[in-house]
Amino acid sequence: RIGEENCPNCMKTDLSMKCQDCQLWCKEGIEVSHEAIFSYNQAMKDFFNRYKFDGDYILRKVFAMILKENLKKYKGYDFVLIPLSPERYAKRGFNQVAGLIEAAGLSHLDVLGKREEKASSSKNRSERLATELPFFIKEDSRIPKKILLIDDIYTTGKTLQLARELLLEAGVKEVLTFSLAR
């Protein structure tokens with residue numbers, strides 16, 4: 001679990017003040033409000049390799065109770081997940097974030113779509129930060145007032161910030177972000 005010493009905005013560990021990433025977001029006029037449960041350490045890397053890349057779908061249940069407990073406090077927020085592109089979904093066979101949330105017995109809105117691009121996991125830091133908007137709002141989507149945008153792993157924050165920006169432009173009043181690991 002992420003301990004007490006972390007960035008107050010994104011929960012980057014081993015810090016007691018706003019991290020460099022959040023300072024850069026702030027300079028761009030973006031205030032980060034992110035919550036995560038676990039540090040992305042070697043054990044988490046191994047978990048996600050087996051779950052996402054090896055397709056060990058049963059592992060979606062490992063964090064179900066912890067996720068359910070942590071997401072209880074977001075009453076009044078609709079959950080929206082970071083989507084996979086149709087090509088990535090076809091290759092993997094499942095959306096790893098949807099698997100985690102559904103295993104926790106929680107529901108989510110299907111609002112966002114994603115165009116195919118190079119996988120974030122295969123990009124270096126500068127490539128991740130230079131990513132253009134790969135998301136779009138699906139036709140006939142109900143746009144709620146308050147959203148908790150959920151992803152599996154927060155690295156630089158770029159993926160979540162791109163989706164957050166799109167949702168705010170679509171009329172959402174408040175968008176907070178959440179991930180299992182940071």
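Everything that follows concerns the structure shown earlier in this document.
### A few points about the overall build of the chain
A count of helices and strands for the chain gives seven helices and six strands. When the elements of the chain are put in sequence order from the N terminus, they spell out α-β-α-α-β-α-α-β-α-β-β-α-β. By the compact-globule yardstick of 16 Å for 182 residues, the chain fits well, its C-alpha radius of gyration being 16 Å. Each of the three principal axes of the chain carries a C-alpha extent, and together these read 40 × 40 × 35 Å. When burial is assessed residue by residue, the chain has 47% of its 182 residues classed as buried. Total accessible area on the chain stands at roughly 9800 Å², and carbon and sulfur atoms take up 50% of it. Side-chain charges in the chain split into 30 positive and 26 negative, and the spacing between the mean points of these groups amounts to 2 Å.

### Some thoughts on unusual backbone geometry
Positioned with a positive phi, Met11 is a non-glycine residue whose angle comes to about 70 degrees. Checked against the element boundaries, Met11 lands in the segment before helix H1 (20–27). Its identity as a non-glycine residue notwithstanding, Asp14 has a phi of 65 degrees, on the positive side. Note that Asp14 resides in the segment before H1. Of the residues examined, Asp14 reaches a relative accessible area of 68% and is grouped as exposed.

### Some remarks on the pairing of strand S1 (residues 34–38)
Burial analysis of S1 places five of its five residues in the buried class, which makes it a mostly covered element. Note that S1 and strand S6 (residues 174–181) share four bridges and pair parallel. The partner of Phe38 across the bridge, within S6, is Ala181.

### A short note on the nonpolar core
By size, the foremost hydrophobic cluster in this structure holds 28 residues, and its most contacted members are Leu67, Leu71, Leu148, Ile150 and Leu180. Sorting the residues of this core by element identifies S1, helix H2 (42–53), helix H3 (64–71), strand S2 (78–81), helix H5 (96–103), strand S5 (146–153) and S6 as the ones contributing at least two each. For Leu71, the residues in contact, after removing those within four places along its chain, are Phe79, Ile101, Leu106, Leu148, Ile150 and Phe178. One finds Cys7, Cys10, Ile82 and Tyr154 within the second-largest nonpolar core, a separate group that totals 22 residues.

### Quick word on H1
For the α-helix, the turn length of 3.6 residues means that residues three or four positions removed from each other point alike. Along H1, the residues that are buried comprise Asp21, Cys22 and Trp25. Buried residues along H1 cover an arc of 95 degrees about the axis, so they all sit on one side. Opposite its buried face, H1 presents the exposed residues Gln20 and Lys27, each directed more than 90 degrees away. Within two residues after H1, Gly29 carries a phi angle of roughly 85 degrees, on the positive side.

What counts as what
- Within every chain, residues take consecutive numbers counted from 1 along the sequence as written.
- The predicted origin of the model limits local features to residues at a pLDDT of at least 70 and limits the giving and counting of side-chain atom pairs to 80 or more, whereas totals for whole chains, interfaces and linings rest on all residues.
- As a rule here, side-chain values come from all non-hydrogen atoms in the structure, and water together with hydrogens is ignored.
- Counting from the N terminus, the helices are DSSP H or I runs at least four residues long and the strands are E runs at least two residues long.
- Radius of gyration: C-alpha atoms only; globule rule: 2.2 Å multiplied by the number of residues to the exponent 0.38.
- Buried means the residue's accessible area, taken with a 1.4 Å probe over protein chains only, is under 20% of the maximum for its type, while exposed means over 50%, and partly exposed covers the values in between.
- Reported accessibility uses the Shrake-Rupley method at a 1.4 Å probe radius. Residues are deemed covered only where the shown protein chains occlude them.
- Positive charges come from Lys and Arg, negative ones from Asp and Glu, while His and the chain ends are left out of the count.
- The atom standing in for a charge is NZ when the residue is Lys, CZ when it is Arg, CG when it is Asp and CD when it is Glu.
- Here a strand pair is declared whenever DSSP counts at least two bridges between the two strands.
- As used in this record, nonpolar core signifies buried Ala, Val, Leu, Ile, Met, Phe, Trp, Tyr and Cys residues forming a set joined through side-chain atoms within 4.5 Å.
- By definition in these notes, contact holds between two residues if any of their heavy atoms fall within 4.5 Å.
- By arc we mean the arc of the directions from the helix axis to the C-beta atoms, nothing more.

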